[in-house]
Amino acid sequence: MRLATWNVNSLNARMPRVEQWLEELQPDVVCMQETKLSDDAFPAMAFKALGYDSAHHGFNQWNGVAILSRVGIDDVVEGFPDDDEPDRDARIIWATCGGVRVVSMYVPNGRTLADEHYQYKLGWLARLQRALDAHHTPRDLLVLCGDYNIAPGDDDVWDMAQFNDSTHVSEPERSAFRSLLEWGTVDLVRARYPEDGLYTYWDYRAGCFHKRMGMRIDHLLASTALAERSGFVFIDRNARKGTKPSDHTVVMAEFDV
DNA sequence: ATGGTCGTTCTACGA
């Protein structure tokens, strides 16, 4: 199974790039974030024409997450599988594709450490952890895909000096990320590639992409059982090049399932 | 030069 995650930053704006990319890379499962669509506007028929079944969770023009699959898509859950108050945003969707429990998620940005949105982010991450604790074990074939809005280590940003008292690198966020690893997941990119300079997001401004001023904030966290079956893992920087790219690029992995 | 863009959408705001 060939699986990818991509924050597309508006599927309306990105559809030509997404369709071209699907034909070139031939993934079996794709997790998308920031579709910025309501469910009724999601182009399910266009994906069907390319061979993909899909599930989408979106309320309006903000956030929105989706899963595409050509190996089946079952047991779809939108939001968190708990009895708490529904999440205020459409940020997470779950589905079983080809025997793997796939999660597509868009973790809240946080904005600034003093912003209420930062507390929402930490609460959101804690709620994700509780969902794992309640419904899964590391022996399950499970992969948590998406835009975490967390750079887990200092090597995951181009210059730590630019991130004093910033979100994405704060200790509480990194602690939440480590909790996911300690629960029993593997950061597939970091496990395979120890070097720095590996990024998945570059601000549109100031030529950041060309100056290699990026952040590694999009991740594939595979359960230990699934990680044992992983093959190639790579960041597809080509998706950030060319005409009308998203500001995030693709992380992709292959699994022997 | 101390910013620079692009998405939502129509006026700032979020990333």
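The structure under discussion appears in the preceding block.
On a predicted model such as this, the values are computed, not experimentally measured, just so you know.

**So, the state of the cysteines**
Thinking step 1. According to the stated counting rule, one finds 0 disulfides in the structure shown.
Thinking step 2. Unpaired in this structure, Cys145 has its nearest cysteine sulfur neighbour in Cys31, at a distance of 3.8 Å.

**Section: helix α3 (residues 116–135)**
Thinking step 1. For α3, which comprises 20 residues, the first-to-last C-alpha distance of 29 Å matches the rise-based estimate of 28 Å (1.5 Å per residue) to within 8%.
Thinking step 2. What α3 keeps buried is the set His117, Tyr118, Tyr120, Lys121, Trp124, Leu125, Arg127, Leu128, Gln129, Ala131 and Leu132.
Thinking step 3. Where the residues of α3 are buried, they touch β6 (92–97), β7 (100–106), β8 (142–147) and α4 (171–184).
Thinking step 4. A distance of 2.7 Å separates the backbone nitrogen of His117 from a side-chain oxygen at the start of α3, and that oxygen is part of Asp115.

**Thoughts on the environment of Phe163**
Thinking step 1. On the secondary structure map, Phe163 appears in the loop between β8 and α4.
Thinking step 2. Taking the relative accessible area as the measure of exposure, Phe163 reaches 10% and is therefore buried.
Thinking step 3. Non-local contacts of Phe163, meaning those with residues more than four positions away in its chain, are made with Val157, Trp158, Val169 and Met215.

**Here we look at the pattern of salt bridges**
Thinking step 1. Counting across every chain of the model gives 14 salt bridges.
Thinking step 2. Between Arg127 and Asp82 there is a salt bridge; the shortest N-O distance is 2.8 Å. In this pair, Arg127 is assigned in helix α3 and Asp82 in the loop between β5 (74–78) and β6, connecting sequence segments 45 residues apart.
Thinking step 3. Taking the relative accessible area as the measure of exposure, Arg127 reaches 11% and is therefore buried.
Thinking step 4. Since its relative accessible area comes to 29%, Asp82 is described here as partly exposed.
Thinking step 5. The closest approach of N and O atoms between Asp84 and Arg130, which form a salt bridge, is 3.8 Å. Taken together, the positions of Asp84 in the loop between β5 and β6 and Arg130 in helix α3 put the pair 46 residues apart, joining distant regions of the chain.

**Some remarks on the pairing of β8**
Thinking step 1. Most of β8 is tucked away: 6 of the 6 residues are buried.
Thinking step 2. The pairing of β7 with β8 spans 6 bridges and is parallel. The residue of β8 that forms the bridge with Tyr106 is Asp147.
Thinking step 3. Of the pairings in the sheet, the one linking β8 to strand β10 (residues 218–223) comprises 5 bridges and is antiparallel in character. The residue of β10 that forms the bridge with Gly146 is His219.

**Some remarks on the protein's contact with DNA strand B**
Thinking step 1. Every one of the 16 residues lining DNA strand B counts as a neighbour, but Ser10, Asn109, Arg111, Ala206 and Lys244 are closest to it.
Thinking step 2. Backbone atoms, meaning sugar and phosphate, form 60% of the atoms of DNA strand B found within 4 Å of the protein.
Thinking step 3. One of the side-chain nitrogen or oxygen atoms of Arg111 is found 2.9 Å away from a phosphate oxygen of DNA strand B.
Thinking step 4. Between DNA strand B and Lys244, the relevant distance is 3.2 Å, taken from a phosphate oxygen to a side-chain nitrogen or oxygen of the residue.
Thinking step 5. The biggest single contributor to the surface near DNA strand B is helix α1 (residues 11–25), with 3 residues.
Thinking step 6. Among the residues forming the surface near DNA strand B, the class breakdown is 5 nonpolar, 5 polar and 6 charged.

**What to know about the sheet that holds strand β1 (residues 2–7)**
Thinking step 1. Taken together, 6 strands build an open sheet; the order of strands is β3-β4-β2-β1-β12-β11 and the sheet is mixed. What marks the edges here is a single partner per strand, and that holds for β3 (53–57) and β11 (230–236). Neighbour to neighbour, the strand axes of the sheet diverge by 10° on average, direction disregarded.
Thinking step 2. As defined by bridge partners, β1 adjoins strand β12 (residues 250–255) across 4 bridges and the pair is classed as antiparallel. Within β12, the residue paired with Leu3 across the bridge is Ala253.
Thinking step 3. Contacting β1, β2 (29–33), β4 (65–69), β11 and β12, α1 runs over the sheet at an angle of about 160° to β1.

Parameters and conventions
Residues numbered from 1 in each chain as written. Chains lettered and ligands numbered in written order. Predicted model: local features only at pLDDT ≥ 70, side-chain atom pairs only at ≥ 80, totals over all residues. Heavy atoms only, no water. Disulfide = S-S within 2.5 Å. Helix = DSSP H or I, 4+ residues; strand = E, 2+ residues; numbered from the N terminus. Expected span 1.5 Å × (residues − 1). Buried < 20%, exposed > 50% of the residue type's maximum accessible area, 1.4 Å probe, protein only. Contact = heavy atoms within 4.5 Å. Polar contact = N/O pair within 3.5 Å; in protein donor to acceptor, adjacent residues only side chain to side chain. Salt bridge = Lys/Arg side-chain N within 4 Å of Asp/Glu carboxyl O. Pairing = 2+ DSSP bridges. Near = heavy atom within 4 Å. Nonpolar A, V, L, I, M, F, W, Y, C, P; charged D, E, K, R; others polar. Axes fitted to C-alpha atoms, helices over the stretch in contact; angles between N-to-C directions.

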